[in-house]
Amino acid sequence: MIGLPRVHHRLTDSTNERAKALALGGAPHGTLVTADEQSAGRGRQGRAWTAAPGDALLMSLVLRELDELLPLRAAVAVCEAVPVEARIKWPNDVWVGGRKVSGILVEGRPQDGWAVLGIGINVTAEEFPEELREIATSLALAGAASSTERVLADLLVSFERQLGASAADVLAAWREHDALLGAEIRWEEGRGRGAGITDAGALRVDTESGVVELNAGEVHLQRSRPD
Ligand code: BTN
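Residues numbered from 1 in each chain as written. Predicted model: local features only at pLDDT ≥ 70, side-chain atom pairs only at ≥ 80, totals over all residues. Heavy atoms only, no water.

### A look at the packing of helix H2 (residues 70-81) against helix H3 (residues 148-163)
Think of two packed helices as two axes; the pair is described by the angle between the axes and how far apart they sit.
Moving on, step 1. Packing of H2 against H3 brings their axes to within 8 Å, and their N-to-C directions diverge by 140 degrees. Here H2 lies oblique to H3, going by the angle between them. Between H2 and H3 lies a crossing whose hand is right-handed. Contacts from Leu-70, Arg-73, Ala-74, Val-76, Ala-77, Val-78, Glu-80 and Ala-81 of H2 reach H3 at Asp-154, Leu-155, Ser-158, Phe-159, Arg-161, Gln-162 and Leu-163.
Moving on, step 2. Looking at side-chain class alone, the contact of H2 with H3 contains nine nonpolar, two polar and four charged residues. (Axes fitted to C-alpha atoms, helices over the stretch in contact; angles between N-to-C directions. Helix = DSSP H or I, 4+ residues; strand = E, 2+ residues; numbered from the N terminus. Parallel < 35°, antiparallel > 145°, perpendicular 65-115°, else oblique. Left-handed = near helix turned anticlockwise from the far one by under 90°. Contact = heavy atoms within 4.5 Å. Nonpolar A, V, L, I, M, F, W, Y, C, P; charged D, E, K, R; others polar.)

Right under this line is the structure:
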């Protein structure tokens, strides 16, 4: 069962780090680590993830049944769990009203049969530091007041559903939530318009010289507001 056993920390470095340690120690599929606060929360591409104590759902799952669509399954599950219309900004940020409400970080050793799925969702935050104000939001700011435990319960249900869904259904659900479809996209080496994702999760971009495919981890999209 996804979400059990559960370890909760009032304060830890990173729930992903704690879940990794548990995975290496043999923790079963579905083991959940949560925290009220992280001192070294991390995001994709070496960035930090910060949240004031108690303001965000901070969770990591040890997973031992893996496939390549795991990050996509997680993003769809977050969209379905939050009580407000949400969209996915490739590869797997979740946006509400053009601002980021959730980030997803998958780490681990698929070759050893495990991965850690880390998810942060801003739930009760009423304000963000100056540098994040334009780009981040919370469920509370989006008018969908909830609690971290409520969101966690709904997320575990929707994620378990997504884990059991066929690849075709996951891709279809992801595409329904695609925030970048038709949106202007810029990255280090080019620009164009979002044209959906491939079945492997690469971003298709319509450029002046034809459609190119961008792989998560290899490119860094420059900021643009999809809404
Ligand atoms: C991103 O947007 O770049 C991914 C952010 C992932 C943040 C979550 S919070 C819980 C888990 N523990 C971490 O250190 N990171 C993930």
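### Quick look at the site of the ligand
Moving on, step 1. Close to the ligand lie 20 residues; Ser-14, Gln-38, Arg-42, Arg-44 and Lys-100 are nearest.
Moving on, step 2. Within the backbone of Arg-44, one N or O atom sits 2.6 Å away from an oxygen atom of the ligand.
Moving on, step 3. Lys-100 is positioned such that a nitrogen or oxygen atom in its side chain is 2.5 Å from an oxygen atom of the ligand.
Moving on, step 4. With four residues, the single largest contributor to the shell around the ligand is strand S6 (residues 99-109).
Moving on, step 5. Tallied by class, residues from the shell around the ligand come to six nonpolar, 10 polar and four charged. (Near = heavy atom within 4 Å. Polar contact = N/O pair within 3.5 Å; in protein donor to acceptor, adjacent residues only side chain to side chain.)

### A word on the pattern of salt bridges
Moving on, step 1. This structure, assessed with the given rule, holds 14 salt bridges.
Moving on, step 2. Note that Asp-13 is salt-bridged to Arg-18, the shortest N-O span being 2.9 Å.
Moving on, step 3. Connected through salt bridges with shared partners, the residues Glu-17, Arg-42 and Glu-107 form a single ionic network. (Salt bridge = Lys/Arg side-chain N within 4 Å of Asp/Glu carboxyl O.)

### As for the sheet that holds strand S11 (residues 210-214)
Moving on, step 1. An order of S8-S9-S10-S11 is seen for the four strands of this open sheet, with the pairing classed as antiparallel. Among the strands making up the open sheet, the edge pair consists of strand S8 (184-187) and S11. For this sheet, the mean inter-axis angle between neighbouring strands, taken without regard to orientation, is 45 degrees. (Pairing = 2+ DSSP bridges.)

### As for the domain arrangement of the protein chain
Moving on, step 1. What the domain assignment reports for the protein chain is domain 1 (6-176) and domain 2 (184-221).
Moving on, step 2. If you average the C-alpha positions of domain 1 and of domain 2, the two centres end up 24 Å apart.
Moving on, step 3. On the side of domain 2, 13 residues touch domain 1, which itself brings 11 residues to the contact.
Moving on, step 4. Between domain 1 and domain 2, roughly 950 Å² of surface is buried when both sides are summed, and carbon and sulfur atoms account for 61% of that area. (Domains from an automatic or database assignment. Buried area = accessible area lost by both parts, 1.4 Å probe.)

### A closer look at the sheet that holds strand S7 (residues 114-122)
Moving on, step 1. With mixed pairing, seven strands are arranged side by side in an open sheet as S1-S2-S3-S7-S6-S5-S4. The outermost strands of the open sheet, each flanked by one partner alone, are strand S1 (6-12) and strand S4 (87-89). Averaged over all adjacent pairs, the angle separating strand axes in this sheet is 20 degrees, with direction ignored.
Moving on, step 2. Summarising the sheet, S6 and S7 pair through eight bridges and their orientation is antiparallel. Pairing of Gly-103 across the sheet is with Gly-120, part of S7.
Moving on, step 3. Of the strands in this sheet, S1, strand S2 (32-38), strand S3 (56-63), S6 and S7 are in contact with helix H1 (residues 15-24), which crosses S7 at around 155 degrees.

### A few points about the packing of H2 against helix H4 (residues 167-176)
Moving on, step 1. Put simply, H2 and H4 touch, their axes get as near as 9 Å, and they point 55 degrees apart. One finds that H2 runs oblique with respect to H4. Of the two possible hands of crossing, H2 and H4 adopt the one that is left-handed. Touching Leu-72, Arg-73, Ala-75 and Val-76 of H2 are Val-170, Leu-171, Ala-173 and Trp-174, all from H4.
Moving on, step 2. In terms of residue class, the contact of H2 with H4 is built from seven nonpolar, no polar and one charged.

### Quick look at the pairing of S2
Moving on, step 1. Across the seven residues that make up S2, a large majority, five, are buried.
Moving on, step 2. Strand direction decides the pairing type here: S1 and S2, joined by six bridges, are parallel. Among the inter-strand pairings, Thr-12 is bridged to a residue of S2, identified as Gln-38.
Moving on, step 3. In this region the chain leaves S1, passes through H1 and returns to the parallel neighbour S2; the handedness of that crossover is right-handed.
Moving on, step 4. Across four bridges, S2 lies against S3 in antiparallel orientation. Directly across from Ala-35, in S3, lies its bridge partner Leu-58. (Buried < 20%, exposed > 50% of the residue type's maximum accessible area, 1.4 Å probe, protein only. Right-handed = clockwise from strand over helix to strand, strands pointing away.)

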